[in-house]
Amino acid sequence: MKAVMIVNPSAGKEKAVSYKEHLERELSKKYDEVEVLETRQEGDATKFAIDCAATTDLVVAMGGDGTLSEVIMGIAPLEKRPTLAFIPLGTVNEFARALDMPLVPEEVIDEILTYKPRNIDLGYIEDQYFTNSVTIGTIPRAMHEVPSEAKTMFGPFAFVMKGVQTLAENENYHFDITYDGKHWKGEAAIVMIGLTSYIAGLEHFFPNATPDDGLIHVMIIPELGFSELVKLAPDLWKGKIMESEHVQMLTCKTLTVSAKEPLVTNVNGDEGPKLPVEITVKPQFLTVLAPH
Ligand SMILES: Nc1ncnc2c1ncn2[C@@H]1O[C@H](COP(=O)(O)OP(=O)(O)OP(=O)(O)O)[C@@H](O)[C@H]1O
């Protein structure tokens, strides 16, 4: 059996290289051959994943959510997809959180051979696969403006601070949403779309979502005045935002989103395609190693 490690040496405060040998040793206990490939630039992880897919049983992405997305972009379209594993070295690590993995890389490496294969859903937006979230509106626009030094210093909190600040700016967009043949039209500040319970590192965003339920979960958040925002913030932290009278929740398998305004999506924390977009879910599409 063969395993391939795809390592982004620049990820997570550049600690990837020090974990590399540890993981290689661990995988060698089970796999006859372990190959280590280091990325140098954007696109390498996708290319490596495509090149090795036909001849490997396991691909391990070692980096942040960006590296993971690149590996998934490589293997998802293939007919024969190797099993995927992930060592979380990024700032937010939405995917690891959604799968209940420890966020300490050493722990994941120590436990990886005990993890079980689990078939998880993938989302598909235009020509791109995603594991966790698509966000549209004020917060995602602000996410693209968070400087990388702030991400390094404050981690997910940097996104939350920027998000709350932006919500209070009172911007609204005119959305037109079709979901499984039904229709929603109205003004909103943000549309959050998730496959799992986590968005931007916040647990319980979609408390009922599991990574393999075959559903797209949607939350539509209207424009909020400062006082409403202050009232809503604790609910957001406690995972009770969906009980708020202010937000609208939907679940579906296919979704199209357009808006009067020229908005750009944020896919798993990175800039994604412009509206209009079509989003579908590919149920239990990818096999990943997870703690349970
Ligand atoms: N050797 C390299 N040097 C610099 N950048 C690289 C290298 N290899 C890959 N990259 C790019 O680094 C980008 C960021 O990687 P990734 O998201 O995995 O880590 P991160 O930024 O630390 O994590 P997070 O996004 O969670 O903060 C990827 O989009 C990838 O294309």
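Our subject is the structure that appears above.
Residues numbered from 1 in each chain as written. Predicted model: local features only at pLDDT ≥ 70, side-chain atom pairs only at ≥ 80, totals over all residues. Heavy atoms only, no water.

(A) The arrangement of the layout of surface pockets in detail. The space that makes up the second largest pocket amounts to roughly 400 Å³. Every residue lining the second largest pocket is counted, 19 residues in all, and those nearest its centre are E42, G66, T67, E70 and D270. At five residues, helix α4 (residues 65-75) tops the list of elements feeding residues into the lining of the second largest pocket. Class assignment of the residues belonging to the lining of the second largest pocket gives a composition of five nonpolar, nine polar and five charged. Residue assignment places the lining of the second largest pocket across two domains, with domain 1 (2-114) and domain 2 (133-283) each supplying three or more. (1 Å grid on protein atoms, 1.4 Å probe; cavity = no way out; pocket = protein on both sides within 12 Å on 5 of 7 lines; lining within 4 Å. Points joined across faces, edges and corners; volume = space filled by probe spheres on them. Helix = DSSP H or I, 4+ residues; strand = E, 2+ residues; numbered from the N terminus. Nonpolar A, V, L, I, M, F, W, Y, C, P; charged D, E, K, R; others polar. Domains from an automatic or database assignment.)

(B) Representation of the site of the ligand within the structure. With respect to spatial proximity, 18 residues lie near the ligand, and among them T39, G64, T67, E70 and T91 are the closest. Residue G66 places a main-chain N or O atom 2.9 Å away from an oxygen atom belonging to the ligand. The side chain of E70 places a nitrogen or oxygen atom 2.8 Å from an oxygen atom of the ligand. The fraction of the free accessible surface of the ligand (640 Å²) that becomes covered by protein chains is 70%. Structurally, the ligand is housed in the second largest pocket. Going through the elements one at a time, α1 (11-14) and α4 are the ones with two or more residues in the shell around the ligand. A total of four residues in the shell around the ligand trace back to one element, the largest contributor, which is α4. (Near = heavy atom within 4 Å. Polar contact = N/O pair within 3.5 Å; in protein donor to acceptor, adjacent residues only side chain to side chain. Areas by Shrake-Rupley, 256 points an atom, 1.4 Å probe, with all protein chains shown as cover. Sits in = over half its atoms within 2 Å of the grid points.)

(C) Representation of the packing of aromatic side chains. Across all of its chains, the model carries five aromatic pairs by this definition. Ring centres of Y173 and F175 lie 6.3 Å apart, and the angle between their planes is 75°; this geometry places the pair in the edge-to-face category. Taking relative accessible area as the criterion, F175 reaches 2% and is therefore assigned buried. Here the aromatic residues Y124, Y129 and F285 are joined through ring pairs into a cluster of three or more. Residue placement shows R81 over the ring face of F285; its charged tip is 3.9 Å from the ring centre. Taking NZ or CZ as reference, K282 lies 5.0 Å from the ring centre of Y124, over its face. (Phe/Tyr/Trp six-rings, centres within 6.5 Å; stacked < 30°, edge-to-face > 60°. Buried < 20%, exposed > 50% of the residue type's maximum accessible area, 1.4 Å probe, protein only. Lys NZ or Arg CZ within 6 Å of the ring centre and 35° of its normal.)

(D) Region of interest: the nonpolar core. If you look at the biggest cluster of nonpolar residues, it comprises 47 residues, and the most contacted ones within it are L23, L27 and I87. Residue contacts for L23: discarding those within four places in its chain leaves M5, V60, M62, I87, I109 and I112. Ranked by size, the runner-up nonpolar core spans 26 residues in total, among them I177, A188, V257 and V277. (Core = buried A, V, L, I, M, F, W, Y, C linked by side-chain atoms within 4.5 Å. Contact = heavy atoms within 4.5 Å.)

(E) Region of the structure containing the sheet that holds strand β12 (residues 248-252). The strand order across the open sheet formed by six strands is β12-β11-β10-β7-β14-β15, and the pairing between neighbours is antiparallel. Two strands bound the open sheet, and with one partner strand each, they are β12 and β15 (270-274). When strand polarity is set aside, the average angle formed by the axes of neighbouring strands in this sheet is 25°. Relative to strand β11 (residues 216-221), strand β10 (residues 190-194) runs antiparallel, the two being bridged by five bridges. Note that in β11 the partner of I193 across the bridge is V218. (Pairing = 2+ DSSP bridges. Axes fitted to C-alpha atoms, helices over the stretch in contact; angles between N-to-C directions.)

(F) How the structure looks around helix α2 (residues 16-28). For α2, which comprises 13 residues, the first-to-last C-alpha distance of 18 Å matches the rise-based estimate of 18 Å (1.5 Å per residue) to within 8%. Within α2, the full set of buried residues consists of A16, Y19, K20, H22, L23, E26 and L27. (Expected span 1.5 Å × (residues − 1).)

(G) Quick peek at the pairing of strand β14 (residues 264-267). In this sheet, β14 lies alongside strand β7 (residues 133-137) in antiparallel orientation, the contact comprising two bridges. Considered in β14, the bridge of T135 is made with N266. Where β14 and β15 come together, three bridges link them in antiparallel fashion. Its bridge partner being in β15, N266 is matched across the sheet by E271. Where β14 hands over to β15, the hairpin turn is made up of two residues, of which N268 adopts a positive phi near 50°.

(H) Empty space enclosed by the protein, seen in detail. With the rule as written, the count across this model stands at two cavities of 30 Å³ or more. What lines the second largest cavity is F95, A98, L99, I120, D121, T131, T196 and P211. Put simply, the parts of the chain that give the lining of the second largest cavity at least two residues each are α5 (94-98) and β5 (116-125). Within the lining of the second largest cavity, the residues separate by chemical class into five nonpolar, two polar and one charged.

(I) Representation of the environment of V36. Its place among the elements puts V36 in strand β2 (residues 33-38). Residue V36 is classed as partly exposed on the basis of its relative accessible area of 27%. Each C-alpha atom, one on V36 and one on M5, is 4.8 Å from the other, the two residues being 31 residues apart in sequence. Setting aside chain neighbours within four positions, we find V36 in contact with M5, V7, K20 and E24.

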